[in-house]
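# Chains, contacts and geometry: an overview
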Amino acid sequence: MLAYRFLTEEDTAAFCHKVTAALAKGWSLHGAPTYAFDGTAGVMRCGQAVVKDVDADYDPAMKLGDL
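Below is a short write-up of the structure. Think of each chain on its own: its residues are numbered from 1, step by step along the sequence as written. Where totals are concerned, whole chains, interfaces and linings use all residues; where local detail is concerned, this predicted model gives features only for residues with pLDDT of at least 70, and gives and counts side-chain atom pairs only at 80 or more. To obtain the side-chain values, all non-hydrogen atoms of the structure were included, while hydrogens and water were left out.

In this section: the sheet that holds strand 3 (residues 43-53). Note on pairing: DSSP must find at least two bridges between two strands before they are called paired. Going along the chain from the N terminus, every DSSP run of H or I of four or more residues is numbered as a helix, and every run of E of two or more is numbered as a strand. Ordered by their spatial adjacency, three strands build an open sheet running 1-3-2, and the pairing between neighbours is antiparallel. Each edge of the open sheet is held by one strand with a lone partner, namely strand 1 (2-10) and strand 2 (28-38). Neighbour to neighbour, the strand axes of the sheet diverge by 15° on average, direction disregarded. Where strand 1 lies against strand 3, nine bridges are found, and the strand directions are antiparallel. Axis definition: a line fit to C-alpha positions, over the contact stretch in the case of helices; interaxial angles, taken between N-to-C directions, run 0 to 180 degrees.

Structure representation (structure tokens):
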């Protein structure tokens, strides 16, 4: 199964660390990163999709971050 996650965070080093942690767990980048203004919080936000092949059947209850 190909698992998919979309990582988001404020535009700080925390976003880079979140993506780096996913890559270290075997996830791969999928597409280009995104960057948008969050008017409610008044901050810029980053986003990046990641995918990973896993040996499991899909279950909506699975914790994708634990794969």
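It is worth spelling out the side chain of arginine 5 at this point. Structurally, arginine 5 is set in strand 1. Any two residues having at least one pair of non-hydrogen atoms within 4.5 Å are treated as being in contact. Ignoring anything within four residues of it in the chain, the contact list for arginine 5 reads Ala22, Trp27, Gln48, Ala49, Val50, Leu64 and Gly65.

What follows concerns the pattern of salt bridges. Here, a salt bridge means any Lys or Arg side-chain nitrogen found within 4 Å of an Asp or Glu carboxyl oxygen. Tallying each qualifying case throughout the model produces two salt bridges. Of the charged contacts, one joins aspartate 38 and arginine 45 as a salt bridge, the two residues approaching to 2.8 Å between their closest N and O atoms. Arginine 45 gets classed as partly exposed once you look at its relative accessible area, which sits at 30%. Buried residues are those whose accessible area, probed at 1.4 Å on protein chains only, stays under 20% of the maximum for their type, while exposed residues exceed 50% and partly exposed ones sit between those limits.

Turning our attention to the packing of aromatic side chains. Working definition: a ring pair exists when centres of Phe, Tyr or Trp rings (six-membered ring for Trp) sit within 6.5 Å. Plane angles under 30 degrees give stacked, over 60 give edge-to-face, the rest tilted. Under the definition given, this model contains zero aromatic pairs. Directly above the ring of tryptophan 27 sits arginine 5, whose terminal nitrogen or CZ lies 5.2 Å from the centroid. Placement of a charge over a ring requires the Lys NZ or Arg CZ to be within 6 Å of the ring centre, with the centre-to-atom vector within 35 degrees of the ring normal.

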